[in-house]
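Results of the structural survey
The primary structure of each chain is shown beneath.
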Amino acid sequence: MNTEQVVALFTKGKVAESTKLVQESIDRGDDVELILNQVLIKAMEQIGDKFSEGTIFLPEMMVSARCMQACLLILKPLLNSGAGSSGEIVVIGTVKGDLHDIGKNLVATMLEGGGFRVFDIGIDISVDKYVQAAQEHNARIVCLSSLLTSTMPYMRQVIEGLRASPVGGNIKIMVGGAPVNEDYARKIGADGFAPDAGMAVKKAKELLGLN
Ligand code: B12
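Residues numbered from 1 in each chain as written. Predicted model: local features only at pLDDT ≥ 70, side-chain atom pairs only at ≥ 80, totals over all residues. Heavy atoms only, no water.

1. Remarks on the site of the ligand
What counts is decided by this rule: Near, as used in this document, describes a residue that has one of its heavy atoms within 4 Å of the molecule or strand being considered. Two N or O atoms count as a polar contact when they lie within 3.5 Å, although within protein this holds only if one can serve as hydrogen donor and the other as acceptor, and sequence-adjacent residues are included solely when both atoms are side-chain atoms. Only DSSP runs of H or I with at least four residues qualify as helices, and only runs of E with at least two residues qualify as strands; both kinds are numbered from the N terminus onward. Each residue gets one label: Ala, Val, Leu, Ile, Met, Phe, Trp, Tyr, Cys and Pro are nonpolar, Asp, Glu, Lys and Arg are charged, and the others, such as Gly, are polar. Residue ranges for the domains originate in an automatic or database domain assignment.
Lining the immediate surroundings of the ligand are 35 residues, of which Ser 52, Leu 99, His 100, Asp 101 and Ser 145 lie closest. Within the backbone of Gly 48, an N or O atom sits 2.9 Å from a nitrogen atom of the ligand. Contact between the ligand and Ser 52: a nitrogen atom at 2.6 Å from a side-chain N or O atom of the residue. Of all the secondary-structure elements, those providing two or more residues to the shell around the ligand are helix 3 (32-53), helix 4 (58-79), helix 5 (102-113), strand 3 (141-145), strand 4 (172-176) and helix 9 (197-207). For the shell around the ligand, a count of residues per class yields 22 nonpolar, 10 polar and three charged. If you count residues domain by domain, the shell around the ligand takes at least three from each of domain 1 (3-79) and domain 2 (89-207).

Printed below as a string of structure tokens:
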């Protein structure tokens, strides 16, 4: 299985063939993290690039997302192998105006695998909803995801809203998503950033002084 094959299947919306390819790769004994990071996520990046170049359009991006989600369902139990439960509570969501959730879902899965209790509050989440969820679930960490340069600035508003809320003193805020980086995270006042779901688990533990 290689990235080009996956891009071709994904952009044609071939769900059954895509999942078959992933299953065969697992059955051959290929490393699950390699399948995820070196093939599937790379394929999604290339699909994004093709969209930017104008060689594919929104429908292809939409069917690709459907294929990716089906493949992740197969990988999920293998990624989420559990590494000792801290039981610390995380609230995670994608910020207002942004509907991308594949990366957020992966981060949630990996955090669960890392022993956290995760409340995924979905996509298009306003400041008020983050604050409400953080209070309701007594969260130690709140995670914000943004995939659009147009929704990144909203993360700052969420951070300010959370800090000003009654639970503000007690929570750590972690941000991520393809256009986000360490510098930006620091600039908007986040406690932490991670470039991918695996690193997100390490960062979450570090923020709470676990390990
Ligand atoms: C799939 C996809 C879609 C799907 C989303 C389906 C879904 N359910 O999520 C659909 C078709 C709906 C879509 C819509 C749009 N999209 Co889109 N999309 C993508 C694409 C191809 C892949 C994203 C993805 O799933 N990647 C795979 C996952 C696993 O990676 P990830 O999200 O980056 O997450 C990883 C890390 O970033 C990190 N992470 C993510 N969140 C968090 C959170 C925390 C706390 C931490 C620590 C880490 C972390 O960990 C993850 C796992 O390793 C990207 C291309 C790209 N390069 O990102 C474009 C892309 C993001 N989309 C883009 C655009 C423009 C759009 C639209 C505006 C298109 C349109 N004209 O309508 C709409 C916007 C809709 C909206 N309001 O949100 C642009 C954004 C450009 C920009 N400058 O902002 C991109 C970059 C494509 C491009 N190159 O032009 N899209």
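2. Details of the domain arrangement of the chain
What counts is decided by this rule: Contacts: residue pairs with any heavy atoms within 4.5 Å of one another. The term buried area denotes the loss of accessible surface (1.4 Å probe radius) that occurs when two parts are joined, taken as the sum for both partners. Salt bridges are defined by distance alone: a side-chain nitrogen of Lys or Arg within 4 Å of a carboxyl oxygen of Asp or Glu.
Looking at the assigned domains, one finds that the chain contains domain 1 (3-79) and domain 2 (89-207). For domain 1 versus domain 2, the separation of C-alpha centres amounts to 25 Å. Between domain 1 and domain 2, the contact holds 10 residues from the first and five residues from the second. For the pairing of domain 1 and domain 2, the buried interface totals around 660 Å² over both sides, and the portion due to carbon and sulfur atoms is 75%. Counting the surface domain 1 buries against domain 2, the share from its top three residues, Gln 69, Lys 76 and Leu 79, is 53%. Scanning the region where domain 1 abuts domain 2 turns up zero salt bridges. Run the count over domain 1 and domain 2 and you get one residue pair in polar contact (both at pLDDT 80 or more). Among the secondary structure elements, those contributing two or more residues to the side of domain 1 that touches domain 2 are helix 3 and helix 4. Among the elements that line the side of domain 1 that touches domain 2, the one with the most residues is helix 4, at six residues. Looking at the side of domain 1 that touches domain 2 residue by residue, the classes come out as seven nonpolar, one polar and two charged.

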